[in-house]
Structure formats: structure tokens, C-alpha cells
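# Descriptive analysis of the structure
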Amino acid sequence: MSESEGTSSSRRKALKALIALGAAAWAAAVLVPGVSYLLHPLKRRAGDTGRWKRVAKLREVPGASGMPVAVPVIGEQVDAWTRAPAQRLGTIWLRKKSDTEVIALQAECPHLGCSIQLDAEHRRFACPCHESFFDLEGRCTAGPSPRGMDPLATRVRDGQVEVDFKRFRTQTRNRTSLG
Amino acid sequence: MKLIEWLDSRTGVRKLMTRALEEEIQGGARWAYVFGSGLAVVFLTQLVTGLMLMATYTPSVHDAWSSVFYIQHRVTSGWFIRGMHHYGAQAMMVVMGMHLLQVTIYGAYKKPREVQWWLGLALMGATVGLAITGYLLPWDQKGYWATTVATNIAGSTPAIGAQVREVVVGGAQYGQSTLTRLYAAHVGALPGLIGILLLLHVLLYRRHGPTAPAGANLAIKQAYYPWQIVRDVSFAVFVLLVVALVTINVGAPLDAPADPSVQYPPRPEWYFLWLYQALNLVPGNLESLVTLGIPALVGGFLFALPFIDRKPTNRLRDRLGIITPVLLGACAIVGLTAMSLNADAHDAKFQAQRRDADSRAARAVQLARNGIPPEGPLLMLANDPLTGGRDTFSDKCTSCHVMNGHGRRRAPEHTGFASREWLLNFLRNPRGERFFAHTRIDGMRSQARLGEPALEAVTEFLFAEGREPQDPPVNAALVARGSHVFETKCMECHVYRGEGDYLAEGGPNLTGYASRTWIARQIATPAAASQYGELNTMPAFADQLSEAQIRTIAAYLRLQRFE
Ligand code: FES
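Predicted model, so just to flag it, every value in this text is computed and none were measured.

## Considerations on the overall build of chain B
- Secondary structure assignment for chain B yields 21 helices and 2 strands.
- Its C-alpha atoms give chain B principal-axis dimensions of about 110 × 65 × 40 Å.
- Relative to its 563 residues, chain B shows a buried fraction of 47%.
- A fraction of 67% describes how many contacts in chain B between residues 6 or more apart in sequence connect residues 24 or more apart.
- On chain B, roughly 28000 Å² of surface is accessible, and the fraction owed to carbon and sulfur atoms is 63%.

Set out below in C-alpha cells:
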């Protein structure tokens, strides 16, 4: 077999091209699916429908003049392959606006995501990480936070407060909800 | 180009590359030399796809199957990456066999290449190790049972067997330690070992070059690049193409989650079938002679080959004594594999068990699409009426109730239980073969005297009692008529909504008849006043089965109405 092969340079060139083609084929077959596999998290998933989570009884939420309370949000969590009922999804701050309306604020700081705490003495919220401060309505009064605390939609059903629980992208002026 | 200059001045990379590429092959480039580099390329592909799988796979007995499901059915291109890895592993076994055959036939193990040959044998061993350990990782039935068999074979080693097995398994029982240990071997120890052995193997190859066949014209010299490399690349691309085509057209299989309590017909992966078949051919007391003896014999023979065949010639005619056993061995492997496949194809029991296993696997995947509970896929299956419910039913109930042709007939048949057809026939002849014939319940007579239209109405009425909101609608007018007939004709003996059976010696309360609640009550406490009372002979399952189990059987039985 080898005898028949000349060493003419055009033939060499063709073979070299063939080799490059083969290497490219390998790379395409492995790397193209590989990249789309690794970038899977960027794919937008259809939002799950059961977003409203019961968080508290209406009569247990402090009135407009009182101090907000922190309550855990408990709900079903879909995490990769697992669907787990009754998981702690996050924390929110609750306070009544009127007898029938409730203000809910995400406790996750819009700066870098630390958990915002209540500074009852000064009637304000304070983030312990980099000292962002917010008034009781959630407006940012000082610190690095790019925006006020993130409000969540609420509704009252059968005397129970329900919250449309969401999480938001940190570090942006505008609010973009995640997932 | 400047960059390359700079790099070259610091590393001498150019000279290195030139040396590697321009090196000449005595006797010229050949297709026969492509297998080694083909193996290297497939191994590289396995490394890349394996690393990607590691980004999702979770080596926990509760999550392993689920994460593989997730790769296969959820993550973008996951099925392709996993398929390439799965069939790539099999391609490695095949190409390894070809490489071994080629090298043996060409006599490439001879002086001065003995060490290179031994490194190759060690590489083979490590690759087989990768195949065995990788098989378990999905923690599905197939891998679980194959590993059970494989580790028990290791356990039959004389003297140290029990210890070997426990070290591999990580204890006396299969479980988390087994999975974690074999995972560490699969993703760390074995690939690392292969990397080192491969490097040495290739270095020695470059030192000695390939062994030209006897009679080749050694005056012909060709550089690796491009003459040999173009052949190598073509072969590697061909192998990967085959792997990709099989991935696309067949796909990597995923059996049901590992469950030691479920009957399963274990088989090793096809490249070990020959050994499995050899095992079937010998009497039981000679088993370890086959399972350990054959691999030891083959390994020992190959190891000693450079000493056995010391003649400097590699002409085939002069080495028939060596080549013949090798070729016979290869033929035996092919023959035994074919025998095993043929035996299974004609084994009705195996086929039936395989079908069960396949439908269980399909069901598991179907359920997993809705999310898997944190406790894992086994709980998901146990709570599924069509899986756990059916399993418990055939375990506990078929000693008296016939279901789909299985079971003994000592109480009413449950195939199509409480379907319209079942109810109508029951009303026509309660003491018929399918119903109370073999029980001591003889108080209920045939209701045929009411006339067929009335029976149909009562059937619809009873059928409606077990209806759930998502079910197809019932015929309301017929139900109303049936309700009327029932009130006038049946309530002498049956309670309905707190009325009827005033002598309290009749049959069961029919409120919500054949609903899940009713069935669960019947299973748990069949002798309760609301059920068969003193007429009952069915055992109460309240303390034999958990509430969840009873609930699941009830759901399974309720589905019979749609059969
Ligand atoms: S995370 Fe809250 S201030 Fe930085």
C-alpha cells in the first residue's frame, strides 16, 4: 500500500486538510453538545404556576403603626430533579397597610443578597453586610444597595395572607425577577 | 506568529512537534497501526464527556438514578453526552480487542517491546475496571445486579475472597459506600492510572516504532505526519461516527432504579456475555474455575507471551503454535457470546422478566418527569399505584384474588374490579365463579329478576359511587334511576348513607362503594361492621401493611374500573 503513495506536495496538502477536517469533526461532535449541555442553566424555564404561598394569618400581621415581622415562606421546591414539598424558600417582612392589605418585602438585599434585618430602635431595616439602610416602606435611605427592598404582591384569602413569592436579580437598578 | 516564536524560544515546542511528526516509520504507514491511536482518541472523548457528566451526576443512592434521569431527559444535549460516553465505553472494548489481535498477530510483543506490551495489558485491565465500575453508577437495576454478580465473583477468590469483596463493596451490604467507592475508582483512580500507563506506553511506542509485518520492505520510510496520522484520524472519526449514530438511533439505556426487592434477570454487558455463558456451561462446583480461572489463564498467557514466543521472526507460518490458540480464543469468545444471546432470545421466562423490567423502567421515567421526591425514586415508585400498588397486590392479595390471569381463585376476581362490566355481572350472578363462588358468602341472590334495565341502572349508580372529580362523567339519568331501584330493592341488606340493613346482618355499607376510601377500609378492616362483618374470611391488613401501602393498593384497585 505504501509504495503507491507518492510524496508530491499537493497530495501532502490534501492529506493535511483531511486531518484538520477530522480534528474539527471530533471537536464539533464533542464540544458543540458539550457547550450547550454546560450552558443549560441559561435556558429560560416556564415559570411554575402555583406561586401564591400562604405565609401568615391576617390577624397576626402587625398593623400599619407596628413593626414588621419576618416570616418564612414555605412551599414546594423544584430543584434539578427533586420536587420537595414544604421547603423553606426564603424570608419576607410583613406589615399591614390597611385592615385588608398587607405589604410584603423580600428580605434578600438587592445589593449582594444578604438577609436584611430589622433595626427596631431606629424604625428602619438594615443590611448587616455592607450597611445598606431602608425605611419601613423599603426605600433605600443609605448604603450601596442599588434600589429599595423588593416588594412582593400579596392577597388575602380566607383570612390568610398569600404572597407571590419571587426572587430578584441583585445589583441592578431595575427589578428583574429570577426564573 | 510572534507568539509562537516567543513560546518556541521559551519551550522548544517547535522542535518537539517536528520530532514527533516527522519521525519516520520503517516499512511505511499502515492501516493496521490505527487501533492504538484510535483507542487514545476514544479515551480522550471519554474524559471530556465523563467530566461533563460529573457536572450533573450525583453519587448518592438516593440521587444517582435521578441525576442520570435528569441528564438523559432534562439537560440540553444530556442524552447525547451520556450516549457518547456509554457507547464510547463499548467502542473502547471493541477497539481494544482489535488492537490486541493486531499486535499479537504482528508479533509486536517481541523483544525489545516487552515492557510496552505489558503496559498495554495493564491498560486493558484498567479499562475493564472502568467498564465495570461505570456500569454501577446509574444505580439502576441493570448496574446494581451486574455489580452484585461481579463482586460475588471477586468474593469467590480463594483465601482472600470475602475480604476482597468487602473492601470493594465497602461493607457487607451494597449501599452508599459501594457507590462512593466505585465512583472514586471510576472518575479518579482508574483514569489517573490509565493516563500514566498510556503516557509510558506511547513513549515506548515512539521509541520502538510499530512492528512491520514479516516481509515488509523496510527501505520504505514515511513520516507520521501526514501519512500515518491521516489513517489514524480517519479511523478515529469512523469509530466516533459509529458511536454517535448508535447514540442517536438507540440511545443510552436507563433501567428502573435499583431495588433489591424486585425480581430482575441480571445479565452482564454484552462484552462479558461470553464469560457468563461459559459459567452456565460448567457444573456449579467448577464455577470459580471459570470466573477467575479463565481471566487468570488468559492474562497469564498474554503476560508470558514474549517469553513463550522468543523466535526473532514474526512470520505467521513460523508462529502457528502461538497464533492458533489466540485465534481459537477469539472464536470462542464470539461463539459463546452468540450462544448466550441465542439462549436468551429463546428463553420465555427471561423475555417476560425483561419485559417487566422494561415497563418498570418506562414507568419510572414517566413518573420522574413530574419531579422526584427527596427520599428518592424508590419511594416515588412505591407510592405509584401502577408500580408499588401492583407489587404489593401481587405479593399479598393474589393468594385469594385473581388479577389479570394471576393468582388463586378463593375470593372475587379483581381484574376489572368495580368496572361497569364487573358490577353488572356481579349483580346477575353474585355467586358465580368470578365472584363469591369460593367464599362462604351465599346470602346474596342473583338480581336478574329485576330485569336487565334495572340492573344496568344499579350498575351505573354503584359505579358513580367510586367516581373522582377528574374521571369521565357518568350517565346522571341512569344513576338517578339506579338510585331509586337501589333504595327499594337493596337496602334491606345494605347500608347507604346511614340508612338500610335494619337487621344489621347484611352485606357491606355501599356508601362510596369502590372509592379509594372504601377499598382502603376493606383492605385494612374487612371484618368491620361497615364491611363484611361476621361473613368475612379475608385477613385484616391494617397491621401487615403501612397506611401508605394500603392507600396505594386502593388506588391501584380503583384504576381497575377503567380496564
Ligand atoms: S448585601 Fe446588603 S448591603 Fe451588601
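## What to know about the interface of chain A and chain B
- In this complex, chain A contributes 30 residues to the contact, which on the side of chain B involves 43 residues.
- Contact between chain A and chain B buries roughly 3100 Å² in total, counting both sides, with carbon and sulfur atoms accounting for 70%.
- On the chain A side of the interface with chain B, the three residues burying the most area are Trp26(A), Tyr37(A) and Trp81(A), jointly 29% of the side's total.
- On inspection of chain A and its partner chain B, the count reaches 0 salt bridges.

## Notes on the packing of helix H6 (residues 114-136) of chain B against helix H9 (residues 176-208) of chain B
All names here are of chain B.
- In contact at an axis separation of 8 Å, H6 and H9 are set at 155° when each is read in the N-to-C sense. As summarised for this structure, H6 and H9 are arranged roughly antiparallel, according to the angle between their axes. Both H6 and H9 take part in a crossing whose hand is left-handed.
- The class makeup of the residues in the contact of H6 with H9 is 19 nonpolar, 10 polar and no charged.

## Focus on the pairing of strand E4 (residues 102-106) of chain A
Residue and element names in this part refer to chain A.
- Summarising burial for E4: 5 of the 5 residues are buried, a large majority.
- A two-sided burial pattern is seen for E4, the buried positions comprising Val102, Ala104 and Gln106 on one face and Ile103 and Leu105 on the other.
- Pairing of strand E3 (residues 82-96) with E4 involves 5 bridges; the strand directions are antiparallel. Looking at the pairing, Ile92 lines up with Gln106 of E4.
- Here E3 folds back onto E4, and the loop between the two strands holds 5 residues.
- Across 2 bridges, E4 lies against strand E9 (residues 151-152) in antiparallel orientation. Paired with Ala104 across the two strands is Leu152, which belongs to E9.

## Some words on the sheet that holds strand E10 (residues 154-157) of chain A
Residue and element names in this part refer to chain A.
- Spatially, the 3 strands line up as an open sheet ordered E1-E11-E10, and their pairing is antiparallel. Both edges of this open sheet fall to strand E1 (52-57) and E10, since each of them pairs with a single strand only. Adjacent strand axes in the sheet meet at a mean angle of 35° when their direction is disregarded.
- Note that E10 and strand E11 (residues 160-164) share 4 bridges and pair antiparallel. When the sheet's bridge partners are listed, Val156 is paired in E11 with Val161.

## A short note on the sheet that holds strand E6 (residues 124-126) of chain A
All names here are of chain A.
- Ordered by their spatial adjacency, 4 strands build an open sheet running E5-E6-E7-E8, and the pairing between neighbours is antiparallel. Two strands bound the open sheet, and with one partner strand each, they are strand E5 (117-119) and strand E8 (140-142).
- Here 2 bridges tie E6 to strand E7 (residues 133-134), and the two strands are oriented antiparallel to one another. Paired with Phe125 across the bridge in E7 is Phe134.

## Observations regarding the domain arrangement of chain A
- The assigned domain composition of chain A is domain 1 (1-47) and domain 2 (52-164).
- For domain 1 of chain A and domain 2 of chain A, the distance between their C-alpha centres works out to 53 Å.

## Section: the domain arrangement of chain B
All names here are of chain B.
- Entries for chain B in the domain assignment read domain 1 (32-260), domain 2 (276-344) and domain 3 (383-562).
- Taken over C-alpha atoms, the centre of domain 1 sits 21 Å from the centre of domain 2.
- Across the contact, 20 residues belong to domain 1 and 21 residues belong to domain 2.
- Between domain 1 and domain 2, a total of about 1600 Å² is buried, with carbon and sulfur atoms accounting for 72% of that surface.
- The largest per-residue losses of area from domain 1 upon contact with domain 2 belong to Tyr109, Lys110 and Trp118, which jointly make up 33% of the total buried on that side.
- Where domain 1 meets domain 2, there are 1 salt bridge.

## Some remarks on the state of the cysteines
- Throughout the structure, instances matching the rule amount to 1 disulfide over all chains.
- Between the sulfur of Cys114(A) and that of Cys129(A) lies a disulfide, 1.8 Å long from S to S. Its torsion about the S-S bond being -90°, the disulfide of Cys114(A) and Cys129(A) is classed as left-handed. In this pair, Cys114(A) is assigned in the loop between E4 and E5 and Cys129(A) in the loop between E6 and E7, connecting sequence segments 15 residues apart.
- What makes Cys129(A) partly exposed here is its relative accessible area of 35%.
- Take Cys493(B): it sits in no disulfide, and the sulfur closest to it among the cysteines is that of Cys490(B), at 8.6 Å.
- In this structure Cys493(B) comes out as partly exposed when scored by relative accessible area, which is 40%.

## As for the packing of aromatic side chains
Residue and element names in this part refer to chain B.
- Throughout the structure, instances matching the rule amount to 27 aromatic pairs over all chains.
- Pairing Trp270 with Tyr271 gives two aromatic rings, centres 5.4 Å apart and planes at 70°, and the pair type is edge-to-face.
- The partly exposed category is assigned to Trp270, whose relative accessible area is 36%.
- Summarising the aromatic geometry, the rings of Phe436 and Tyr532 are spaced 6.1 Å apart at their centres and angled 75° between planes, so their arrangement reads as edge-to-face. Separated by 96 residues along the polypeptide, Phe436 in the loop between helix H17 (420-428) and helix H18 (452-465) and Tyr532 in the loop between helix H20 (516-524) and helix H21 (547-559) bring together distant segments of the chain.

## Remarks on the pattern of salt bridges
- Under the defined criterion, the tally for this structure stands at 28 salt bridges over all chains.
- One salt bridge connects Asp309(B) with Arg319(B), and the closest N-O pair in it is separated by 3.0 Å. Placement of the pair is Asp309(B) in the loop between helix H12 (287-308) and helix H13 (320-345) and Arg319(B) in the loop between H12 and H13, with a sequence separation of 10 residues. For the pair Asp309(B) and Arg319(B), one class covers both residues: buried.
- One continuous salt-bridge network, built from bridges that share partners, spans Arg54(A), Arg155(A), Asp158(A) and Glu162(A).

## Regarding the packing of helix H3 (residues 34-54) of chain B against helix H10 (residues 224-249) of chain B
Residues and elements named next belong to chain B.
- Interhelical geometry of H3 versus H10 gives an angle of 50° and a closest axis separation of 9 Å. By the angle class used here, H3 and H10 are oblique. Seen from above, H3 lies across H10 with right-handed handedness. Residues Val34, Phe35, Ser37, Gly38, Val41, Val42 and Thr45 of H3 form the contact with H10, whose own contacting residues are Gln228, Arg231, Asp232, Phe235, Ala236, Val239 and Leu240.

## Remarks on the pairing of E3(A)
Residues and elements named next belong to chain A.
- In this structure, strand E2 (residues 69-79) lies alongside E3, joined through 10 bridges in antiparallel fashion. Within E3, the residue paired with Ala70 across the bridge is Trp93.
- The antiparallel hairpin formed by E2 and E3 contains 2 residues in its connecting segment, where Ala80 sits at a positive phi of about 50°.

Conventions and cut-offs
Residues numbered from 1 in each chain as written. Chains lettered and ligands numbered in written order. Predicted model: local features only at pLDDT ≥ 70, side-chain atom pairs only at ≥ 80, totals over all residues. Heavy atoms only, no water. Helix = DSSP H or I, 4+ residues; strand = E, 2+ residues; numbered from the N terminus. Buried < 20%, exposed > 50% of the residue type's maximum accessible area, 1.4 Å probe, protein only. Contact = heavy atoms within 4.5 Å. Areas by Shrake-Rupley, 256 points an atom, 1.4 Å probe, with all protein chains shown as cover. Buried area = accessible area lost by both parts, 1.4 Å probe. Salt bridge = Lys/Arg side-chain N within 4 Å of Asp/Glu carboxyl O. Axes fitted to C-alpha atoms, helices over the stretch in contact; angles between N-to-C directions. Parallel < 35°, antiparallel > 145°, perpendicular 65-115°, else oblique. Left-handed = near helix turned anticlockwise from the far one by under 90°. Nonpolar A, V, L, I, M, F, W, Y, C, P; charged D, E, K, R; others polar. Pairing = 2+ DSSP bridges. Domains from an automatic or database assignment. Disulfide = S-S within 2.5 Å. Phe/Tyr/Trp six-rings, centres within 6.5 Å; stacked < 30°, edge-to-face > 60°.

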